[in-house]
Every structure is written in C-alpha cells, then in structure tokens.
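Here are the chains, one letter per residue:
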Amino acid sequence: EAKAGGKNQIIYCSPAMKEEATKKMKLTNSLYRALDKNELYLHYQPQVDVKTQKIIGFEALLRWNNGEYGMVSPNIFIPMAEQTGLIRPIGLWVIKTACKEFKEFNKSGNKSITLSVNLSIEQLKDITIAEKISEILYATKMNPKNLQIEITESIAFNEDYNILKRLKDIRNLGISVSIDDFGKGYSSLNRLKTFSIDLLKIDMDFVHGITSQSQKDRAIIKSIIQVAKNLNVKVLAEGVETEEQFTFLRDNGCDIVQGYYFYKPMPASEIEKLDIMEAYR
Ligand code: C2E
Ligand code: MG
Ligand code: MG
Ligand code: MG
C-alpha cells in the first residue's frame, strides 16, 4: 500500500495494481541496459509524394527487442525513457544511427530526400542539444538539409522561451522541423503563424476518420490543408491505410502521405532493396 500526498491520504493498491507496477519497474530496469545490450534498432517508413508517388523521405522509428519481454511497443517504452531521462542518450543514439544508416541507403546523396527523426521534449530541455546534434552531423558527414526533426504540437507551442530557443538553434543548423500528430493537441491553427515550421503531419486519427459516416474528420483535414497552404507549409497525412483515404487526401491537396497502404516501417537493409532507391543511384 502506498501513501500519497501529505494530508493523511492513503491509497490502497490491489494485487493487480501491484503486479502492474512491478512489471513496469522491471521493464524500466531492462530499458537502462537496452542500449548496451544492443537491443535497440531502427525501422524506416517511406514517405511518398502524392503527385509523383515517389519516395521523398523516411521516418526513423525506434524498436526494442528485449530478451525477456520480446518486442516492446514505443508507445510503452518511449514514455518510460522520458520519465527516467534515458530518452537523452537513447535519443542521441537514434539520431546518430539514423544518420549513419541513411548515408548508406541514400548513397547518391540526393538532397531532396529527407530523414525524419522524432524528438521528445525531454531532449529539448538539454541546453547542449543543438551542439550535440551538430557534432553528430559532423561525425556522420550528414547534410543537415536532409535531416528533419519531428516534434509534437505541445512542444512547438510551448510557452517556455528556452525550449523555443533550442528549436531555433536546431533550425539554424539547417535542419527542418515538422509538427507530428497535428490536430491532436488543443492549439489553435492561428498559433502556427508565430512559429516557423516546414511540415505539418496530420494525426492519423483524422485520416482513419475519412472513411467514417461523419463529415467531421474530412472537414478537419480540409481545413488543416487549407491553413498549411496559406502559410506555405507542406502537409503530410500519416496512417494512410486505404485507397479511399489516399484518394481523398490527393483530391484535397495533401502533399505527402505515409502509411501501410504504401509502405510499412522496415529495416535499412530492406530500404536498400527498394526499386525506388535504385532510381536515385
Ligand atoms: P509517430 O511519430 O506518430 O509515428 C507514427 C506511428 O504510426 C509509428 O508507430 C508507425 O509505425 C505507425 N504507422 C505508420 N503507418 C501506419 C498506418 O498506416 N496505420 C497505423 N495504424 N499505424 C501506422 P510506432 O513505430 O509504434 O511509434 C509510435 C510512436 O512512438 C511514434 O509516433 C513516436 O511518437 C514514438 N517514437 C518512435 N520512435 C521514436 C524515437 O526514436 N524517439 C522518440 N522520441 N519517439 C519515438
Ligand atoms: Mg513521428
Ligand atoms: Mg505521428
Ligand atoms: Mg503518434
């Protein structure tokens, strides 16, 4: 039984809650050793230009295969990594590994192909983050023009001056910035004016809603695309799974799509085998 709060408040845990907490603790302990044990690796999901239907970028997605628990979803272990501070070393490992692998599968050095890496707010609390990313660019000979970081709405519209300053520092390195899961947060579209971004990624919940009875999600998608166009920002729709969803997005002016309908996330070795990559060599 755990005591919480100062005011003689006692919260009783059921055995099931205890078991859950113990499991979470064990998993967290394993995460501390995941990097050293080489249990982390990356998958890449191609992003497709709507007009040409060619691959124009890749999103790096972290994977964790643990000896005891098997594959653990990022939706489980990323929050753990954020709570423990492990996201900082892990996040730098992701950027470095992604840059190295990208240099391998983008041998031609095509400047218009982007590599996107997710960045969490904890990483932006590190005052040396821009410096560290700059070192990685140098060490891997990665062209910053090819790199893009994905941040969530809540980061982009954060009131904290320091966070915004660090984002600006990163952008000044030549790296572009996209807003992930757009529409999921509560920020008004108007606030986009105050912040420089390069790409808006429409949250997949709206995309999945394209095929629903209700007009709502289709209306929201249309207005997001409209606002992005007015601000001269590109729009990507994520989680595109069907032809119907793709057709709607295409007909309404969406620039880029990402989803199982085109490609699933896959290891670098499979990216290298894609026909589309041959065309760039
Ligand atoms: P996200 O950045 O929004 O990534 C998109 C997620 O949607 C990925 O899940 C991807 O595998 C999945 N997805 C792609 N296409 C489809 C589709 O057509 N249908 C459906 N249903 N899903 C699709 P994943 O890989 O499980 O990652 C989940 C989240 O974990 C990511 O969401 C991101 O927020 C976080 N994440 C993953 N890797 C990293 C990382 O290296 N650093 C940080 N900070 N977060 C990461
Ligand atoms: Mg993302
Ligand atoms: Mg997303
Ligand atoms: Mg997401």
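All of these numbers come straight from a predicted model, not from anything done at the bench.

A. Broad picture of the overall build of the protein. The helix and strand tally for the protein stands at 12 helices and 11 strands. Taken along its principal axes, the extent of the C-alpha atoms in the protein is 60 × 45 × 35 Å.

B. Focus on the coordination of the magnesium ion (ligand 3). Coordination sphere of the magnesium ion (ligand 3), protein contribution only: D180 (OD), D181 (OD), E238 (OE) and E238 (OE), at 2.0 to 2.6 Å. Between the magnesium ion (ligand 3) and the magnesium ion (ligand 2), a spacing of 4.1 Å is present, and a bridge between the two is formed by D180. Here D180, found in strand β8 (residues 176–182), pairs with E238, found in strand β10 (residues 234–238); they are 58 residues apart in sequence, far enough to count as distant. Given a relative accessible area of 7%, E238 falls into the buried group.

C. Region of the structure containing the side chain of Q45. Residue placement: Q45 occurs in strand β3 (residues 40–49). Look at Q45 and you get buried, because its relative accessible area is 8%. At 2.9 Å, the side chain of Q45 and the side chain of Q258 are in polar contact. Setting aside anything within four residues of it in sequence, one finds Q45 in contact with G57, F58, E59, L61, Q258, G259, Y260, Y263, K264 and P265.

D. Representation of the site of ligand 1. Inspection of the region around ligand 1 gives 23 residues, with R63, D180, M204, E241 and Y260 positioned closest. With respect to ligand 1, the side chain of Q45 contributes an N or O atom lying 3.0 Å from a nitrogen atom. Note that a nitrogen atom of ligand 1 is positioned 2.5 Å from one of the side-chain N or O atoms of E241. In isolation ligand 1 offers 800 Å² of accessible surface; the protein chains occlude 84% of this area. Of all the elements in the fold, those that place two or more residues in the shell around ligand 1 are β4 (55–66), α2 (74–84), β8 and α8 (204–208). Top contributing element to the shell around ligand 1 by residue count: β4, with four residues. Residue classes in the shell around ligand 1 are distributed as nine nonpolar, seven polar and seven charged.

E. Expanded view of the packing of aromatic side chains. Applying the stated rule across the entire model yields seven aromatic pairs. Considering the side-chain rings of W64 and F77, the 5.6 Å spacing of their centres and the 85° angle between planes classify their relative orientation as edge-to-face. Of this pair, W64 sits in strand β4 while F77 is found in helix α2, placing the two residues 13 residues apart along the sequence. The class for W64 is buried, based on a relative accessible area of 0%. Ring plane angle 80° and centroid distance 5.0 Å describe the contact between Y261 and F262, whose orientation is recorded as edge-to-face. For Y261, a relative accessible area of 34% translates into the label partly exposed.

F. Structural context of the coordination of the magnesium ion (ligand 2). The magnesium ion (ligand 2) binds to the protein through E59 (OE), N118 (OD1), E150 (OE) and D180 (OD), with metal-donor distances spanning 2.0 to 2.3 Å. Along the chain, the residues donating to the magnesium ion (ligand 2) are arranged with the sequence spacing E-x58-N-x31-E-x29-D. In this structure N118 comes out as partly exposed when scored by relative accessible area, which is 31%. Note on E150: relative accessible area 2%, which makes it buried.

G. Inspection of the pairing of strand β6 (residues 114–118) at higher detail. With respect to burial, β6 is a largely interior element, four of its five residues being buried. The pairing of β4 with β6 spans four bridges and is parallel. Bridge pairing in β6 places E59 opposite S116. As defined by bridge partners, β6 adjoins strand β7 (residues 147–152) across four bridges and the pair is classed as parallel. Paired with V117 across the strands is I149, a residue of β7.

Basis of the calculations
- Residues numbered from 1 in each chain as written.
- Chains lettered and ligands numbered in written order.
- Predicted model: local features only at pLDDT ≥ 70, side-chain atom pairs only at ≥ 80, totals over all residues.
- Heavy atoms only, no water.
- Helix = DSSP H or I, 4+ residues; strand = E, 2+ residues; numbered from the N terminus.
- Donors = N, O, S within 2.8 Å, 3.2 Å for Na, K, Ca; no water.
- Buried < 20%, exposed > 50% of the residue type's maximum accessible area, 1.4 Å probe, protein only.
- Polar contact = N/O pair within 3.5 Å; in protein donor to acceptor, adjacent residues only side chain to side chain.
- Contact = heavy atoms within 4.5 Å.
- Near = heavy atom within 4 Å.
- Areas by Shrake-Rupley, 256 points an atom, 1.4 Å probe, with all protein chains shown as cover.
- Nonpolar A, V, L, I, M, F, W, Y, C, P; charged D, E, K, R; others polar.
- Phe/Tyr/Trp six-rings, centres within 6.5 Å; stacked < 30°, edge-to-face > 60°.
- Pairing = 2+ DSSP bridges.

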